[in-house]
Amino acid sequence: MSLTPYWQSPSAQLYLADARAFLHGEYREHYDMVFADPPFNASKQYGSGLHDDSMNDVEYLDWLGSWIGEAVRVLKPGGTFWLMNSTRWLGHCQVKLEAAGLTFVNTIAWVYTNPTPAKNSYPKTWRPIIVYSKGKPRVWNSNISLTTGRPTLYWNPDRAKSSFCHDVWPDIPKLVGGYLAPQELLRRPDHSFAHSVQMPIALAERAILTATEPGQLILEPFAGSGTVMEAALNLGRCVVGI
C-alpha cells in the first residue's frame, strides 16, 4: 500500500483512509488476525462526511459485504477474523463471513454490567463477537483467564475449578459514562467523550492473547479510538489500523 501512514512506530501503522479502498490495495493473505468493530448503522455521529451511519438495510448489508470480502482476502490461512456488531445484524454478518469462505469458530457473548436502556424492546445486555477462521486456526490459546465466579463443566476436576475461558464474557464492563473505568475513557479538553463507543482494552487483549503469538500482525480496519492497536502493542504484536 503506497498511502503514507498518519502515525507509525516500529510495530504499528495508522492510516486515514476508507477501509474498503485501503484493503483493496493490500497484499493477499498478509495478516494473522482481523479484529473489526465497524459502525452498526445506529445513527451515530462519526464526523461530518466521514461515514453515513443511517443507511437503509440494503445499503448497509452491501457495505458490510464489500469490506468483509476484502478483509478475508488479506487474512492469512489459519488466521482468525473477530467481528463485533449488534444483535440486529448478527445473522447477516455470519452469512457474509461464510459466503467469503471462512469457518465458524465461536459466538462470544460480551455481557454488559451496565445494560443499554430501551423503550420498545428489552434492554440490550450483551453484544456478540463472532469468530471465524480461514481454515483451521493456527493459534488458539485456550488457557486464557476468565474471572466469572462460576464453575466450568470439564472432565478434569482441577480444570473445572480454574478460570477456564469460555464463550460468555461477563467480567469486562462497557466504558459508557466512565464511572467503571474512568482512567481508560478518552476525553476531550472540555471533558466530553472523545469517542462515543470506545471499546475496553481488556476485551481486545483477551482476543489477541487467544488467537495470536508475539510478533504476529493484526489488522484493525475500523480503528476508532485505537483500542485494538493499543492492546496489540501492549502485548508485543504488530498492528495496522485504519
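Above this text sits the structure in question.
This one's a predicted model, so the numbers in the text were calculated from it and none came from an experiment.

## Description of the packing of helix α5 (residues 201–211) against helix α6 (residues 227–234)
No. 1: Contact geometry for α5 and α6: axes closest at 8 Å, N-to-C directions at 55°. Considering the angle they form, α5 stands oblique to α6. Where α5 crosses over α6, the two elements pack in a sense that is right-handed. On the side of α5, the interface is formed by Ile201, Ala204, Glu205 and Ile208, while α6 contributes Thr227, Val228, Glu230, Ala231, Ala232 and Asn234.
No. 2: Of the residues in the contact of α5 with α6, the class split is six nonpolar, two polar and two charged.

## Side note on helix α3 (residues 90–99)
No. 1: What α3 keeps buried is the set Leu90, Cys93 and Leu97. Seen from one end, α3 has its buried residues packed into an arc of 65°, which puts them on one side. Along α3, the residues that are exposed and aim more than 90 degrees away from the buried face are Val95 and Ala99.
No. 2: Structurally, α3 contributes buried residues whose contacts are with α2 (57–73), β4 (75–84) and β6 (124–133).
No. 3: Of the residues flanking the end of α3, it is Gly101, one or two places downstream, whose phi is positive at about 100°.

## Points about the packing of α2 against α3
No. 1: The interhelical angle for the contact between α2 and α3, taken along N-to-C directions, is 35°, at an axis separation of 10 Å. The interaxial crossing formed by α2 with α3 has right-handed handedness. Two secondary-structure elements touch here, α2 through Leu61, Leu64, Gly65 and Ile68 and α3 through His92, Cys93, Lys96 and Leu97.
No. 2: When grouped by side-chain class, the residues that make up the contact of α2 with α3 number five nonpolar, two polar and one charged.

Parameters and conventions
Numbers given for residues are sequential positions, taken from 1 along each chain in its written order. Totals for whole chains, interfaces and linings use all residues, but because this is a predicted model, local features are given only for residues with pLDDT of at least 70 and pairs of side-chain atoms are given and counted only at 80 or more. As a rule here, side-chain values come from all non-hydrogen atoms in the structure, and water together with hydrogens is ignored. Between N-to-C directions, angles span 0 to 180 degrees; the directions come from axes that are lines fitted to C-alpha atoms, helices contributing only their stretch in contact. Per the convention used, a helix needs a DSSP run of H or I reaching at least four residues, while a strand needs a run of E reaching at least two, with both numbered from the N terminus. Angles below 35 degrees are treated as roughly parallel, those above 145 as roughly antiparallel, those between 65 and 115 as roughly perpendicular, and all remaining angles as oblique. If you view the pair so one helix is near and one far, a crossing is left-handed when the near helix is turned anticlockwise from the far one by less than a right angle, and right-handed when it is turned clockwise. Any two residues whose heavy atoms approach within 4.5 Å are treated as being in contact. Under the scheme applied here, ten amino acids are nonpolar (Ala, Val, Leu, Ile, Met, Phe, Trp, Tyr, Cys and Pro), four are charged (Asp, Glu, Lys and Arg), and all others, including Gly, are polar. Working definition: with a 1.4 Å probe on protein chains only, accessible area under 20% of the residue-type maximum means buried, over 50% means exposed, and in between means partly exposed. Directions pointing from the helix axis toward each C-beta atom define the arc.

None of this, on its own, says anything about what the molecule does.
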